[in-house]
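Structure at a glance
The chain contents come next:
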Amino acid sequence: MAKICVYGAGSIGCYVGGRLRAGGNEVSFIGRARIADQLRSHGLTLSRHDESRWYVPPERIDVSTDAASAAVAGLVLVTVKSAATPTAAAELANVLHPGAVVVSFQNGLGNAEVLRAALPHCTVLEGMVPFNVVERGPGAFHQGSAGELEIRQAPALQPFVDAFSKADLPLIQHTDMLPVQWAKLLLNLNNAINALSNRPLKEELSQRAYRICLGMAQKEALALLKQANIRPARVTPLPANWIPRVLGVPDALFERLGRTMLTIDPLARSSMSDDLAAGRTTEIDWINGEVVRLAHRLGRSAPVNERLCELVREAERRDARPSWSGEALLAQMRAAAGASSARHGAR
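What you are looking at is a predicted structure, and each value in this text was computed from that prediction instead of being measured. (Residues numbered from 1 in each chain as written. Predicted model: local features only at pLDDT ≥ 70, side-chain atom pairs only at ≥ 80, totals over all residues. Heavy atoms only, no water.)

1. Focus on the overall build of the protein
Definition in use: Numbering goes from the N terminus for both helices and strands, where a helix is a DSSP run of H or I of at least four residues and a strand is a run of E of at least two. We call two residues in contact when some of their heavy atoms are within 4.5 Å. Note that accessible areas follow from Shrake-Rupley with a 1.4 Å probe, and for residues the cover is restricted to the protein chains shown. Neither His nor the chain ends contribute to the count of charged residues, in which Lys and Arg are positive and Asp and Glu negative. To locate a charge, the coordinates of NZ of Lys, CZ of Arg, CG of Asp or CD of Glu are taken.
Along the backbone of the protein there are 15 helices and 12 strands. Dimensions along the principal axes, computed over C-alpha positions, put the protein at roughly 60 × 40 × 40 Å. Considering only contacts in the protein between residues 6 or more positions apart, those separated by 24 or more positions represent 68%. Only carbon and sulfur atoms are counted for the fraction: they give 52% of the accessible area of the protein, which is about 15,000 Å². Averaging the coordinates of the 39 positive side-chain charges in the protein and doing the same for the 33 negative ones gives two points 6 Å apart.

Rendered as structure tokens:
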């Protein structure tokens, strides 16, 4: 079996790569010096919300800060933040051998295209990680929600499918990933709301005002997708266009209807929330920003998602972390939607 390389040893990269390594596959990691030092000292301690545990000792981990270590890889999993994709593409273009398979396990919609343009002699595939991963300590990563890896189907991928199955990470393969990516992005519209709430995901989603904010962002995106003739895939028990209605029901009813959405570790937060906490630039432009760009391409507006982008960018610039209440955030969403309706009505 050809070697697997994880380019981007952050939470997702360490968890997925660590699970593959724990499953007996040959895996190498490329990441920043901080993570590389932690893996060399502590190894990888991996856990899942169903109490499953895995451990990979330091001596079994191959980690580097140099992209050149990907040269011998047959499969490369790109798990860097979306803003770093052009850098990843440039570095990998200098080292990968022709025929290597590259998978973008990243947020957003256009990362695979960036990689494909830089790697014309490789097979570049869109992938999707549906679950949340939390860094709990040096070398410790926890999968806080359910879901299975999804990926574009390709003949070149097939030699690696067993490696994922052996690690209990089965790949769900699709001939067209765009509907799957949009379905994931619709759910990820909550990342900004969770980040602004400064609460764990389960606590945030248990409060109706925050859920109505998410429902407004999703309805806005769904209307644009309908105009663009894009039908999101069904990645939850409920179809995508039903979810905004369910989000708006009273808390007690949602607790029963939304059990799947609430199957989350009590302490888990969105990656965007973690980024704000760490003072890092978020991926807001590759999540809610994707909805805004789609609106512009269609000659429409997306005021709710645009306002969420603005609020997250403001939070990135502030020294003190904001903690929006559900009612205050909902007032912002309604004001943005109302102002947009007034502008369009005045035309």
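2. Remarks on the layout of surface pockets
Here is the rule we go by: Grid points spaced at 1 Å and placed over the protein atoms alone form the basis of the search, with a cavity being a set where a 1.4 Å probe fits but cannot get out and a pocket an open set showing protein on both sides within 12 Å along at least five of seven lines. Lining residues have an atom within 4 Å of a point. Grid points are joined across faces, edges and corners, and a volume is the space filled by probe spheres set on the points. In this classification, the charged set is Asp, Glu, Lys and Arg, the nonpolar set is Ala, Val, Leu, Ile, Met, Phe, Trp, Tyr, Cys and Pro, and all remaining amino acids, among them Gly, are polar.
Of the pockets and cavities examined, the second largest pocket occupies roughly 270 Å³. In the lining of the second largest pocket, the residues fall into eight nonpolar, one polar and three charged.

3. Overview of the side chain of serine 104
Within the secondary structure layout, serine 104 lies in strand β7 (residues 101–104). Once residues within four sequence positions are removed from consideration, serine 104 is found in contact with Val78, Asn111, Ala112, Leu115, Leu125, Glu126 and Gly127.

4. As for the packing of aromatic side chains
Each pair of aromatic rings is reported with the distance of its centres and the angle of its planes. Worth spelling out the cut-off: Any pair of Phe, Tyr and Trp rings, taking the six-membered ring for Trp, is counted once the centres come within 6.5 Å. Such a pair is stacked with planes under 30 degrees apart, edge-to-face with planes over 60 apart, and tilted for the rest. Relative accessible area decides the class of each residue, using a 1.4 Å probe on protein chains only: under 20% of the type maximum gives buried, over 50% gives exposed, and in between gives partly exposed.
All told, the structure shown has one aromatic pair when counted by the stated rule. Both rings, one in tyrosine 15 and one in phenylalanine 131, keep their centres 5.7 Å apart while their planes meet at 75 degrees; by these two values the pair is edge-to-face. With tyrosine 15 in helix α1 (residues 11–22) and phenylalanine 131 in the loop between β8 (123–128) and β9 (133–137), the pair connects residues that are 116 residues apart, well separated along the chain. By relative accessible area, tyrosine 15 is classed as buried at 0%. On the basis of relative accessibility, which here comes to 5%, the residue phenylalanine 131 falls in the buried class.

5. Section: the sheet that holds strand β5 (residues 62–64)
Strand-to-strand pairing in sheets goes through backbone hydrogen bonds, with the strands running parallel or antiparallel. Cut-off, in case you're wondering: Any two strands with at least two DSSP-identified bridges between them are counted as paired. Axis lines are fitted through C-alpha atoms, for helices just across the contact stretch, and the angle between N-to-C directions can take any value from 0 to 180 degrees.
Strand order in this open sheet of eight strands is β5-β2-β1-β6-β7-β8-β11-β12, and the pairing throughout is mixed. Only two strands of the sheet have a single partner each, and these edge strands are β5 and β12 (171–174). With strand direction ignored, the average angle separating the axes of adjacent strands in the sheet is 25 degrees. Where strand β2 (residues 27–30) meets β5, three bridges bridge the pair, whose relative direction is parallel. Following the sheet pairing, isoleucine 30 is matched in β5 by serine 64. Against the sheet, α1 touches β1 (3–7), β2, β6 (73–78) and β11 (149–152), its axis set at about 165 degrees to β2. The strands touched by helix α3 (residues 85–93) are β1 and β6; relative to β1, the strand with the most contacts, the crossing angle is about 145 degrees.

6. Quick notes on the nonpolar core
The condition is simple: To form a nonpolar core, buried Ala, Val, Leu, Ile, Met, Phe, Trp, Tyr and Cys residues must be joined to one another through side-chain atoms within 4.5 Å.
In this structure, Leu189, Leu196, Val291, Leu308, Leu329 and Met333 are the most contacted members of the largest nonpolar core, which totals 50 residues. In terms of residue count, helix α9 (residues 208–227) provides more of this core than any other element does, 11 residues in total. Setting aside its immediate chain neighbours within four residues, leucine 329 contacts Ile193, Leu196, Tyr210, Cys213, Leu311 and Trp324.

7. Section: α1
Short version of the rule: By this rule, a helix spans an expected 1.5 Å times one less than how many residues it contains.
If you check α1, its first and last C-alpha atoms are 16 Å apart, about what 12 residues at 1.5 Å a residue would give, namely 16 Å. What α1 keeps buried is the set Gly13, Cys14, Tyr15, Val16, Gly17, Gly18, Arg19, Leu20 and Arg21. Positive backbone phi, at 95 degrees, marks glycine 24, one or two positions downstream of α1.

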